[in-house]
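Listed below, chain by chain, are the residues.
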2 protein chains.
Amino acid sequence: MKLKFTTIPGSVVAPRGFLSAGVFCDIKRLGTGKGSSKGRKRDVALIVSEVPAAVAGLFTTNQICAAPVKLCIDRVKSGVAQAIVINSGNANACTGDQGIKDARAMALLAAQELRLPEEQVLVASTGRIGVELPMERVREGILAACAELGGSAEHAQHAAEAIMTSDTRLKTAAVELRVAGKPVCIGGMCKGAGMIQPGMSLSGRRPAATPSGLHATMLCFITTDAAIHPAALRLALQEAVTKSFNRITVDGDMSTNDTVLVLANGLAENPPITEKIARAVKAGKNPEGSAGFTEFSRALEHVCLDLAKKIVRDGEGVHRVVTVRVEGAKNNREADAAARAVANSALVKTSWHGGDPNWGRIIDALGYSPATVVEQKVDIGYSAPGGRRVVWSLRNGQPTKVSYPVLCEAAAPGEFDLHIRLNLGAGSALMYAADLTEAYVDFNKGDVSDPKNLGG
Amino acid sequence: MKLKFTTIPGSVVAPRGFLSAGVFCDIKRLGTGKGSSKGRKRDVALIVSEVPAAVAGLFTTNQICAAPVKLCIDRVKSGVAQAIVINSGNANACTGDQGIKDARAMALLAAQELRLPEEQVLVASTGRIGVELPMERVREGILAACAELGGSAEHAQHAAEAIMTSDTRLKTAAVELRVAGKPVCIGGMCKGAGMIQPGMSLSGRRPAATPSGLHATMLCFITTDAAIHPAALRLALQEAVTKSFNRITVDGDMSTNDTVLVLANGLAENPPITEKIARAVKAGKNPEGSAGFTEFSRALEHVCLDLAKKIVRDGEGVHRVVTVRVEGAKNNREADAAARAVANSALVKTSWHGGDPNWGRIIDALGYSPATVVEQKVDIGYSAPGGRRVVWSLRNGQPTKVSYPVLCEAAAPGEFDLHIRLNLGAGSALMYAADLTEAYVDFNKGDVSDPKNLGG
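Procedures and definitions
Residues numbered from 1 in each chain as written. Chains lettered and ligands numbered in written order. Predicted model: local features only at pLDDT ≥ 70, side-chain atom pairs only at ≥ 80, totals over all residues. Helix = DSSP H or I, 4+ residues; strand = E, 2+ residues; numbered from the N terminus. Rg over C-alpha atoms; globule rule 2.2 N^0.38 Å. Buried ≥ 20, exposed ≤ 12 C-beta atoms within 10 Å, placed from the backbone. Pairing = 2+ DSSP bridges. Contact = placed C-beta atoms within 7 Å. Nonpolar A, V, L, I, M, F, W, Y, C, P; charged D, E, K, R; others polar. Least-squares fit on C-alpha atoms with pLDDT ≥ 70 in both. Domains from an automatic or database assignment. pLDDT = per-residue confidence, 0-100. Axes fitted to C-alpha atoms, helices over the stretch in contact; angles between N-to-C directions. Core = buried A, V, L, I, M, F, W, Y, C linked by C-beta atoms within 7 Å.

In this section: the overall build of chain A. Within chain A, the secondary structure is distributed over 13 helices and 16 strands. Over its C-alpha atoms chain A spans a radius of gyration of 22 Å, differing by no more than 12% from the 23 Å that the globule rule assigns to 456 residues. Taking the principal axes of its C-alpha atoms as reference, chain A extends roughly 70 × 65 × 35 Å. When the 456 residues of chain A are sorted by exposure, 64% land in the buried category.

Listed below in structure tokens is the structure:
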């Protein structure tokens, strides 16, 4: 299908009417030991729309969820927001009533400085769990961010820097499309490298169909100048996240803070995409204006998927990125369970690190997954990312005649696709997964010699 | 409760009437690259009872199960067996019809040499998945083992060596007890270091109540001279394995080959422990002879637990062993799910490796587990193994005033208990877990430069 959008350079300030900032306030020096020796890092970011925007958000389904997540779940219900204030270096999770007060105080301060209604300011945090925010520094940071707001590429870069924790690279994406002839832009930034296997829902509550294996802090902030009603934006975002962030895993751990927020300020002046249009499209109908929703949804999904893959590629210690494609499961739910079992198996992930096309470990993981698996029907193979030429190591549960060196070559690239066919039904699923390396272990074993290294 | 058994040195030949052997036949040189540079390793073991014995077994619930497991599941149904032949270096898993033929051929050869009925010989294998057994060498090994059978401590040591794969230490245990005044002995040996999170059942089928997280090759062979009927032996073994091997995890991966077998040859000449007695005890009754079943069961559980803990301590790259004790869950099933989520979290396991008492990662894992968790009710603390003095890091979801250095001290020993109280109900569970180290990753990333390193 022909893409009707164009990828462009840029981030959260690419769409009309958005400003951002990223500043230093030394939360990272306080919160963890890691940054202390490396000099200052930006740790408060701010994104502001010049006019009130439609908002939608998806949030971690972890039962232990951070104070800013609770605040956002409540505030996005209104469907309107105008600013997001974000800190890194401290998750404000497991911080009790003080945590809630601090999250509110962050929003209130930004609202006062920006002269916005308090409840139109959202908050997100990432970093160590269980440590109260150093609010003196956070306040200084928010004041500085409000003072520095701007719409340049540099402003956007500073914001993207300020949300990083163990990330080694900036993660941004932007696209341009047309909705009913009007140019529309979507821009985004995200962070995340460890504690990554998001399972997000609109309410933060687990949907009945959530796979039990679901388990990241990842934060993603998307802006657009599209005119779209909040309910339509929610439908588009839910689908986009289901196919992107909720399909990645670095280490199988779902965070207390996972958050995706989208602000849509309408300055593109396209004919508004209504809930009615969105629901009709979802129901397979084709009403007037449906092309706009369909194209906006695809473009949003593209931005989410681009950002989600950047998280896996920049995962802690990650050397190889593997797209696990399961087909032929009894149903999609079983396919998902099978893909997650393989994507999170310590033995499979270490074999990827070694470049070892070890199908025995893969079929072992399939066998203990909740999915139905019949040994004599399983096919396992390798291809280039998105490639159609599959090198099969196993067909019908039997090793093929492909030589070991050829299989090693297929599993050697930094990115490849792993094809698993269960040949039992029409269920399919995919996961964007990472290998498990010594570097991941070394990074996460922590530094107990650092007296600041307290809490989660 | 006063223990009515005594631990003694010894292994599978400690009980009367058992012989064993462990020999070299170079399967390991063929099967994997690991051993090739290190000289020869024993790789075929044999255990034989001088008289026909009652038998019970528990087997992996992995849907992909090895040929020897299929053979054993079928043969133990008769309740009678007299010999077990075991090879290491090759799992004979995912080897199709040839695998089944080879497993049968192994049993048949031993039966012919030992002049036993073929169906009274059991088979177990461990090693790489997906490679056909080098049957020429296996046959040589079985012939040599039959020729070398003996009842000395050295014979038992050779057998325990011959079942090792990535194990670095022999794992044996034995106890003495009295059943109705008669001295009875139970001895055992096991192997296992990676692909360890057994979930075994009598039939190899998943019980309805199997936690979805269940996921080792571990092999365990137990001998006893007790007189006990097969059905009673099955009941005792099932309970013992549920509380020992099915409660350990090294890496969360459940193997295709997990097997526990017990032979009870009756040479102690105690009044036989019948199925009727066993069922009455299970129903809470106290019939004549019940003390015998109760004490035998406890002693068997002790042997299983001793061997299970040895597997975790000798797990691949393991530096620290942590007993995760969950109490106060809504029910035992939720407690089990919570304990497994914590025990298998990459972030929790790496923090154990670092000696970091990181409760934030623990509560995060609890929050994404299928168990119900309420942040404000969670307690997390540390004690010495089996200790009653708990150092609490979290009470009611709030960090305690215990200083970070004191918490580090509690999480520093090579073995400690992690206490988690959910304070929601009466459910409890425990898991014997291991840390995740660079050494585990290094060992399991494999050596693709070795041309013999083919298959699973």
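Moving on from the model shown.
All names here are of chain B. The buried count for strand S3 (residues 44–60) comes to 14 of 17 residues, which makes it a mostly enclosed element. Of the strand pairs in this sheet, strand S2 (residues 18–23) and S3 are connected by six bridges, and their pairing is antiparallel. Looking at the pairing, Gly22 lines up with Ala45 of S3. Here S3 runs beside strand S4 (residues 80–90); their pairing, made up of seven bridges, is antiparallel. Of the residues in S4, the one forming a bridge with Ile47 is Ile84. With six bridges connecting them, S3 and strand S10 (residues 259–264) associate as antiparallel partners. Residue Leu58 lies in a different strand from S10, and its bridge partner there is Val260.

Our next topic: the interface of chain B and chain A. If you look at the interface, chain B gives 59 residues, while chain A gives 59 residues. Of the residues forming the side of chain B that touches chain A, the biggest block, nine residues, is contributed by helix H11 (residues 359–368) of chain B. Here the residues of the side of chain B that touches chain A are counted per class, giving 23 nonpolar, 26 polar and 10 charged.

All right, on to the relation of the copies chain B and chain A then. Superposition of chain B onto chain A requires a rotation of 180° combined with a translation of 0.0 Å along the rotation axis, giving an RMSD of 0.0 Å. Such a combination of rotation and displacement between the chain copies is what one expects of a two-fold axis. Nearest to the rotation axis, the C-alpha of Glu438(B) is located 2.3 Å from it, this being the minimum over chain B. When the interface residues of chain B are mapped onto chain A, 100% of them again fall at the interface, so both copies present the same face.

So, on to the environment of Val48(B). All names here are of chain B. Residue position: Val48 is located in strand S3. Residue classification places Val48 among the buried positions, given that 26 C-beta atoms sit within 10 Å. Measuring from C-alpha to C-alpha, the distance between Val48 and Ala174 comes to 17 Å, with 126 residues separating the pair along the chain. If sequence neighbours within four positions are ignored, Val48 has contacts with Leu19, Gln82, Ala83, Leu114 and Leu149.

All names here are of chain B. Overall, mixed pairing links the six strands, which are arranged S14-S13-S12-S15-S11-S16 in an open sheet. Two strands lie at the open edges of the sheet, namely strand S14 (398–399) and strand S16 (427–434), each paired on one side alone. Across three bridges, the pairing between strand S12 (residues 379–383) and strand S13 (residues 391–395) is antiparallel. Bridge pairing in S13 links Gly381 to Trp392.

A few words now on helix H10 (residues 346–354) of chain A. An α-helix turns once every 3.6 residues. As a result, residues three or four positions apart point the same way. Most of H10(A) is tucked away, with nine of its nine residues classed as buried. For H10(A), every residue scored as buried is listed here: Ala346(A), Leu347(A), Val348(A), Lys349(A), Thr350(A), Ser351(A), Trp352(A), His353(A) and Gly354(A). The secondary structure elements touched by the buried residues of H10(A) are strand S11 (321–329), helix H9 (332–343) and helix H11 (359–368) of chain A together with helix H13 (438–444) of chain B. Just downstream of H10(A) lies Gly355(A), where phi reads positive at about 70°.

Take the domain arrangement of chain A next. Residues and elements named next belong to chain A. Partitioning chain A into structural domains gives domain 1 (5–313) and domain 2 (321–436). The C-alpha centroid of domain 2 is placed 32 Å from the C-alpha centroid of domain 1. Across the boundary between the two partners, domain 1 contributes 12 residues, which contact 12 residues of domain 2.

Residue and element names in this part refer to chain A. Here chain A averages 92 in pLDDT, while 93% of its residues score no lower than 70. Considering only residues more than four positions removed or in separate chains, one finds that residues 208–216, a stretch of pLDDT under 50, has 32 contacts. Below a pLDDT of 50 lies the segment residues 451–456, which in the model reaches 26 contacts outside its immediate sequence neighbourhood of four places, other chains included. Confidence metrics for the complex model read pTM 0.92 and ipTM 0.91.

Residues and elements named next belong to chain A. Strand order in the open sheet formed by six strands is S14-S13-S12-S15-S11-S16, and the pairing between neighbours is mixed. Of all the strands in the sheet, the pair left with one neighbour each is strand S14 (398–399) and strand S16 (427–434). Here S11 runs beside S16; their pairing, made up of seven bridges, is antiparallel. Bridge assignment links Val326 to a residue of S16, and that residue is Ala429. Helix H8 (residues 290–313) rests against S11 and S16 of the sheet, and its axis sits at about 50° to S16. Along the sheet, H11 contacts strand S12 (379–383), strand S13 (391–395) and strand S15 (415–421); its crossing angle with S12, the most-contacted strand, is approximately 125°.

Glancing now at the nonpolar core. Ranked by size, the top nonpolar core spans 316 residues in total, and within it Ala338(A), Leu366(A), Ala338(B) and Leu366(B) carry the most contacts. Every residue in contact with Leu366(B), bar those within four places of it in the chain, is listed here: Ile64(A), Ala338(B), Ala341(B), Val342(B), Ala371(B), Val373(B), Val378(B) and Ile420(B).

This brings us to the environment of Asp97(A). Looking at where Asp97(A) falls in the secondary structure, it is placed in helix H3 (residues 96–114). Residues Asp97(A) and His155(A) lie 58 residues apart in sequence; the distance between their C-alpha atoms is 33 Å.

Of note in the backbone geometry, Ala180(A) takes a positive phi value of approximately 50° without being a glycine. Locating Ala180(A) in the fold gives a position in the loop between strand S6 (172–179) and strand S7 (182–191). Overall, Ala180(A) belongs to the partly exposed group, with 17 C-beta atoms counted inside 10 Å. Although it is not a glycine, Cys94(B) sits at a positive phi angle of roughly 55°. For Cys94(B), the position within the fold is in the loop between S4 and helix H3 (96–114). The buried category is assigned to Cys94(B), around which 29 C-beta atoms lie within 10 Å.

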